[in-house]
Amino acid sequence: MKQALADDTEDVSLEPGGEEEAALRTAGIRHPLATFFHLFFRVSAIVTYLFCDWFSNSFVACFVTILLLLSFDFWSVKNVTGRLLVGLRWWNQIDEDGKSHWIFEAKRVSTIAASTEVEARIFWLGLIICPVIWTMFFFSTLFSLKLKWLALVIAGISLQTANLYGYIHCKLGGQKSISRITSSFFVTADVSKRQTRRISENCIEEHGNTASR
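Residues numbered from 1 in each chain as written. Predicted model: local features only at pLDDT ≥ 70, side-chain atom pairs only at ≥ 80, totals over all residues. Heavy atoms only, no water.

A.B. asks: Teacher, can you tell me more about the overall build of the chain here?
C.D. replies: Counting secondary structure elements, the chain contains seven helices and two strands. Traced from its N-terminal end to its C-terminal end, the chain shows the element sequence α-α-α-α-β-β-α-α-α. By residue count, 29% of the 213 residues in the chain fall in the buried class. A sequence separation of at least 24 residues applies to 75% of the contacts in the chain between residues at least 6 apart. Just so you have it, the chain exposes about 14600 Å², and 63% of that area is on carbon and sulfur atoms. (Helix = DSSP H or I, 4+ residues; strand = E, 2+ residues; numbered from the N terminus. Buried < 20%, exposed > 50% of the residue type's maximum accessible area, 1.4 Å probe, protein only. Contact = heavy atoms within 4.5 Å. Areas by Shrake-Rupley, 256 points an atom, 1.4 Å probe, with all protein chains shown as cover.)

Put into structure tokens, the structure is as follows:
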């Protein structure tokens, strides 16, 4: 009887992951709103650029509309969709000395909050293909001598290439957790404060010694 019970037992892993994690990763779109807006603004900017002459004869109206769509796309991709769809984030930070620092993060999220393979594929395809299309617009505008659109096309390339560069840097070279960066930031701030206090105390002591003399 004991031998039978021993044969029927098997080791079971209690750690999360395995089949559950694989099922979540291969599931459908878990952030439909973020996925929609990841493509909406950039595709709308391209479509408006191609067919704006059909809707309006005003160059200024078309220029402003496309530039607004590109700006909305840059903000949403940089601050929202990258964090939700692939767990990446980048931004610029200015320290106490006035120096500018670019920070690239790859956040380690839990399995429940992780993005799916479909969302990641949509994110990277949209991030790569659209700058290529704007680069094609640049050469077509240059060769067709439509120089009035050149500034808009350069703006589109710049805004979308900036996001592409930032997220590639996050993926390849900036894989640090948010907790590590936050802790290092506070440690650096605390060290700088201690150094400032020591310098001020030394100055006071030297001033007192000089006065006593």
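What follows picks up the thread again.
A.B. asks: What exactly am I supposed to notice about the UniProt feature "transmembrane region" (unreviewed entry) in the chain here?
C.D. replies: UniProt records the feature "transmembrane region" (unreviewed entry) at residues 33–51, 57–75, 122–143 and 149–168, using the numbering of this structure. Note that residues 57–75 is 89% helix and 0% strand, and that its end C-alpha atoms are spaced 28 Å apart. (UniProt positions renumbered as here; feature names shortened; annotations may be inferred.)

A.B. asks: What is the right way to read the packing of helix α3 (residues 32–55) against helix α5 (residues 117–143) from this model?
C.D. replies: How two helices pack is summed up by the angle between their axes together with the distance between the axes. At their nearest, the axes of α3 and α5 sit 10 Å apart, and the two run at 15° to each other. Here α5 runs roughly parallel to α3, going by the angle between their axes. Seen along the crossing, α3 lies across α5 with a hand that is left-handed. Here α3 contributes Thr35, His38, Leu39, Arg42, Ala45, Ile46, Tyr49 and Leu50 to the contact with α5, which in turn contributes Glu119, Ile122, Phe123, Gly126, Leu127, Cys130, Pro131, Ile133, Trp134, Phe137 and Thr141. Residue classes in the contact of α3 with α5 are distributed as 13 nonpolar, four polar and two charged. (Axes fitted to C-alpha atoms, helices over the stretch in contact; angles between N-to-C directions. Parallel < 35°, antiparallel > 145°, perpendicular 65-115°, else oblique. Left-handed = near helix turned anticlockwise from the far one by under 90°. Nonpolar A, V, L, I, M, F, W, Y, C, P; charged D, E, K, R; others polar.)

A.B. asks: Quick question: what am I supposed to make of a nonpolar patch on the surface here?
C.D. replies: Taken together, the side chains of Leu39, Val43, Val47, Leu50, Phe51, Trp54 and Phe55 present a nonpolar region at the surface, about 730 Å² in accessible area. The topology assignment puts phenylalanine 51 in helix α3. Overall, the relative accessible area of 30% leaves phenylalanine 51 in the partly exposed class. (Patch = residues over 30% accessible without salt bridge, like charges linked within 9 Å, V, L, I, M, F, W, Y side chains within 5 Å. Salt bridge = Lys/Arg side-chain N within 4 Å of Asp/Glu carboxyl O.)

A.B. asks: Sorry if this is basic, but what is going on with the pairing of strand β2 (residues 100–106) here?
C.D. replies: In regular strands, side chains alternate between the two faces of the sheet. Where strand β1 (residues 88–94) lies against β2, seven bridges are found, and the strand directions are antiparallel. Bridged to leucine 88 within β2 is alanine 106. In sequence, β1 turns back onto β2 through a hairpin of five residues, with glycine 98 there showing a positive phi of about 85°. (Pairing = 2+ DSSP bridges.)

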